[in-house]
Amino acid sequence: MAQSRSEKLKRLVTVQRHLEKMAEIDLANTTRQRQEAAETMEAVAEAINSLNPVHRGFSRHYSGQYSRLQQQDQMLANVQQMHEMRVVRERTKGDRMEDHMKEARSAEDREAADDAIYDLIDQHIAYKKGED
């Protein structure tokens, strides 16, 4: 059975919404990774500023680690921005498809109503010819 345009668009909207959810999950994962990196940076900064003699011996190691964490955070910030744009893009696509689906459904409903009226007129004409 051939599917109507609105049914095909409905399937596409479902797929698009799934893509949107996947983009949101990617964004959430990146946000979580940035939060973990920030927490680690905070712990390393506390160790660098610590008066504990154990930490003083590792200050060079800590500063290198802090630099790597800053680079990782910057990279994750760029990835997060990319994911945010992707979420917006996927959501916009889904909204547009949904609008097209509603328009197609409306057009199909109008066509069905027109066909019903034409059938009613044809039946009325056939009935009038039968009376003559």
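Scoring rules and cut-offs
- Residues numbered from 1 in each chain as written.
- Predicted model: local features only at pLDDT ≥ 70, side-chain atom pairs only at ≥ 80, totals over all residues.
- Heavy atoms only, no water.
- Helix = DSSP H or I, 4+ residues; strand = E, 2+ residues; numbered from the N terminus.
- Contact = heavy atoms within 4.5 Å.
- Core = buried A, V, L, I, M, F, W, Y, C linked by side-chain atoms within 4.5 Å.
- Buried < 20%, exposed > 50% of the residue type's maximum accessible area, 1.4 Å probe, protein only.
- Axes fitted to C-alpha atoms, helices over the stretch in contact; angles between N-to-C directions.
- Parallel < 35°, antiparallel > 145°, perpendicular 65-115°, else oblique.
- Left-handed = near helix turned anticlockwise from the far one by under 90°.
- Nonpolar A, V, L, I, M, F, W, Y, C, P; charged D, E, K, R; others polar.

Draft legend 1. Summary view of the environment of Val87. Here Val87 is to be found in helix H3 (residues 59-131). In sequence terms Val87 and Glu20 are 67 residues apart; their C-alpha atoms lie 5.9 Å from each other. Leave out the neighbours within four places in its chain, and Val87 touches Ala23, Glu24 and Leu27.

Draft legend 2. Representation of the nonpolar core within the structure. With 5 residues, the main nonpolar core is built from Met41, Val44, Ala47, Tyr62 and Leu69. For this core, the elements supplying multiple residues, two or more each, are helix H1 (5-48) and H3. Ranked by residue count, the leading element in this core is H1, at 3 residues. Not counting residues within four places of it along the chain, the set of residues in contact with Val44 comprises Tyr62, Gln65, Tyr66 and Leu69.

Draft legend 3. Local environment of the packing of H1 against H3. The N-to-C vectors of H1 and H3 enclose an angle of 165 degrees; their axes lie 7 Å apart at closest approach. Our classification of the angle between H1 and H3 gives roughly antiparallel. Crossing of H1 against H3: the hand is left-handed. Within the contact of H1 with H3, the residues separate by chemical class into 23 nonpolar, 14 polar and 17 charged.

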